[in-house]
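For reference, the chains in residue letters:
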Amino acid sequence: MSERRERFDVLVVGGGPIGLACAWTALRRGLSVCVLERDKVGSGASDVAAGMLAPVGEASWGEESLLELNLASHALWPAFAEELRDASGMDPGYSRSGALHVALDRDETEELRRQHELHREHDLESEWLTASACRELEPGLAPRLAGGVFVPHEGAADPRALVASLAAAVRVGGGSIEEGVEVVRADTGPPCSVRTADGRERSAEHLVLATGCHSGQTEWLDPGERPRVRPVKGEIVTLRERGGERVCSRIVVGDRLYMVPRPDGRLLVGATVEEKGFDTTVTAGGVHELLRESYRTLPETAEMELVEIRAGLRPGTPDNAPILGWGPGAVVFATGHFRNGILLAPATADAVAALVSGEAPAIDLRPFSPGRFAGTPAVAAAPGPGGSG
Ligand SMILES: Cc1cc2nc3c(=O)[nH]c(=O)nc-3n(C[C@H](O)[C@H](O)[C@H](O)COP(=O)(O)OP(=O)(O)OC[C@H]3O[C@@H](n4cnc5c(N)ncnc54)[C@H](O)[C@@H]3O)c2cc1C
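Cut-offs and rules
Residues numbered from 1 in each chain as written. Predicted model: local features only at pLDDT ≥ 70, side-chain atom pairs only at ≥ 80, totals over all residues. Helix = DSSP H or I, 4+ residues; strand = E, 2+ residues; numbered from the N terminus. Rg over C-alpha atoms; globule rule 2.2 N^0.38 Å. Buried ≥ 20, exposed ≤ 12 C-beta atoms within 10 Å, placed from the backbone. Contact = placed C-beta atoms within 7 Å. Domains from an automatic or database assignment. Nonpolar A, V, L, I, M, F, W, Y, C, P; charged D, E, K, R; others polar. Near = placed C-beta within 6 Å. Pairing = 2+ DSSP bridges. Axes fitted to C-alpha atoms, helices over the stretch in contact; angles between N-to-C directions. Expected span 1.5 Å × (residues − 1).

### Section: the overall build of the chain
In step 1: If you tally the helices and strands in the chain, you get seven helices and 18 strands.
In step 2: At 21 Å, the chain has a C-alpha radius of gyration in line with the 21 Å of a compact globule built from 389 residues.
In step 3: Summarising its shape, the C-alpha atoms of the chain cover approximately 70 × 45 × 40 Å along the three principal directions.
In step 4: For the chain, the residues scored as buried account for 50% of the 389 residues in total.
In step 5: Of all intrachain contacts in the chain linking residues separated by at least 6 positions in sequence, the fraction that spans at least 24 positions is 76%.

### Some thoughts on the domain arrangement of the chain
In step 1: According to the domain assignment, the chain consists of domain 1 (5-90 + 159-229 + 318-373) and domain 2 (99-153 + 231-316).
In step 2: Between domain 1 and domain 2, the C-alpha centre-to-centre distance is 28 Å.
In step 3: Residue-level contacts link 22 residues of domain 1 with 26 residues of domain 2.
In step 4: Split into classes, the residues belonging to the side of domain 1 that touches domain 2 amount to 13 nonpolar, seven polar and two charged.

### As for the site of the ligand
In step 1: In the vicinity of the ligand lie 43 residues, with Gly 16, Gly 44, Gly 212, Gly 234 and Gly 341 positioned nearest.
In step 2: At the level of secondary structure, the elements contributing two or more residues to the shell around the ligand comprise α1 (17-28), β2 (33-37), β12 (230-240) and β16 (305-316).
In step 3: Within the shell around the ligand, the residues separate by chemical class into 18 nonpolar, 19 polar and six charged.

### A closer look at the sheet that holds strand β13 (residues 251-253)
In step 1: Read across the open sheet, the eight strands follow the order β5-β6-β4-β13-β14-β15-β12-β16; overall the sheet is mixed. Every other strand in the sheet has two partners, leaving β5 (127-129) and β16 as the edge strands with one partner each. The mean angle between the axes of side-by-side strands here comes to 20°, regardless of whether they run parallel or antiparallel.
In step 2: Bridging between strand β14 (residues 258-261) and strand β15 (residues 266-270) involves four bridges; their strand directions are antiparallel. When the bridges of β15 are listed, Met 259 appears paired with Val 269.
In step 3: Strands in contact with helix α6 (residues 284-297) are β4 (99-103), β12, β13, β14, β15 and β16; relative to β12, the strand with the most contacts, it is inclined by about 50°.

### A look at helix α5 (residues 159-172)
In step 1: Between its first and last C-alpha atoms α5 spans 20 Å; for 14 residues at 1.5 Å apiece the expected length is 20 Å, and the two agree.
In step 2: Taken together, the buried residues of α5 touch α1, β2, α2 (64-88) and β8 (176-179).
In step 3: Just downstream of α5 lies Gly 174, where phi reads positive at about 95°.

### A few points about the environment of Glu 182
In step 1: Secondary-structure assignment places Glu 182 in the loop between β8 and β9 (183-187).
In step 2: Along the backbone, Glu 182 and Val 194 are 12 residues apart, and their C-alpha atoms lie at a distance of 9.9 Å.
In step 3: Glu 182 has contacts with Arg 38, Thr 196 and Ala 197, leaving out every residue within four places of it along the chain.

### Quick word on the pairing of β4
In step 1: Burial runs high along β4: five of the five residues are buried.
In step 2: The alternating pattern of β4 places Ala 99, His 101 and Ala 103 and Leu 100 and Val 102 on opposite faces, both of which are buried.
In step 3: Relative to strand β6 (residues 147-151), β4 is paired through five bridges, and the arrangement is antiparallel. Pairing of Ala 99 across the sheet is with Val 151, part of β6.

### Brief notes about α1
In step 1: Its 12 residues place the ends of α1 16 Å apart at the C-alpha level, agreeing with the 16 Å of an ideal helix rising 1.5 Å per residue.
In step 2: In terms of burial, α1 is a largely internal element, 11 of the 12 residues being buried.
In step 3: Of all the positions in α1, only Pro 17, Ile 18, Gly 19, Leu 20, Ala 21, Cys 22, Ala 23, Trp 24, Thr 25, Ala 26 and Leu 27 are classed as buried.
In step 4: At the exit of α1 stands Gly 30, carrying a positive phi of roughly 90°.

### Side note on unusual backbone geometry
In step 1: Residue Pro 190 is bonded to the preceding Gly 189 through a cis peptide linkage, with omega at 0°.
In step 2: When you line up the elements, Pro 190 lands in the loop between β9 and β10 (192-196).
In step 3: Ala 271 follows Gly 270 through a cis peptide bond whose omega is -15°.
In step 4: Take Ala 271: it is sitting in the loop between β15 and α6.
In step 5: Residues other than glycine seldom take positive phi values, yet Asp 123 does so here, at roughly 60°.
In step 6: One can find Asp 123 in the loop between α3 (106-121) and β5.

Right, here's the structure in full:
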């Protein structure tokens, strides 16, 4: 077979939201970019994700650096969405409906009060609401409601629409995207070179590793150099309204689930959090739990059409924060975004584009450095509550 060799400023391995956002942002800085995706763009976790942009809802005790990063990326989203729409001519499905977190019994109320305490400690915008105030916002909520917390500025993007618009923006901007091309070997450089399963080689000044939950298995890196990423399974159900009746107009988050309404009448009900390796089987138990909790929270969901059931693999890390920064040679790691890869796409892309341009990123990447887990196993942090991305 004759070998073609091609040269770029940046090679991005992985065509998910992270790889594509990095590619688009690097292109806008005038770099030549090629994205290599082993399947189709957006065929990883983003194909299943709900797309909540929820830095406050995702806040957890002891995860201050992640909270700061999530807030910084959330602040970038309005301009990111608008520029992406302009560049691609496609809508990434960004909206800011607000998120209502609800408690249905005493235990859930106590847990929600703890969450609200955390919000207040960090000066985050959220408001405690009585049950009747919650019902004024969302009349479809269950009668046994005990109270809630409203987070006004949170919203969502549609991950499939986001990937489609990012891919279009990359192509319009002169970047190349190759699908069905698996990277099987790489020299970390500088300069970097990669070999794909079809025997072709490409080289670049920099290589960005954005292979999501597969990045911990990167065989062309020494075991000690591989990012500490593991797959964390999430099952999610999509319902659709019938007869134009919406069951909610905001994101509704319960103790064990979230519900994200889309403008086209779909309602995403997610998500389980399971340590099952690379298994993506949809299970009766997982779906039962989601449907039971959705009925318990918004009873009218029982009347909705069930249109899709999926399971995806989040790229989890030992401390739930992403892995961002220099790996070996001229490789940049952009992985491990766990429950927040959609939310973190703009901030990740800015940071990675700065690194490959030889500049200092606007955000402090030290808490997310690839080397921070030296000597710790890939599986550590307990899975978060069900009502998470
Ligand atoms: C059920 C569920 C709900 C979620 N909800 C939310 C949410 O509400 N908000 C939020 O912000 N995030 C959410 N997430 C998380 C989000 O989907 C991920 O963090 C995000 O998709 C990570 O993006 P990525 O590009 O790193 O990885 P992925 O989206 O997984 O993409 C990685 C890509 O790399 C490709 N690839 C892998 N290996 C190779 C190789 N060797 N060569 C070439 N290509 C390769 C894969 O085919 C894939 O297309 C959710 C995830 C799940 C599963």
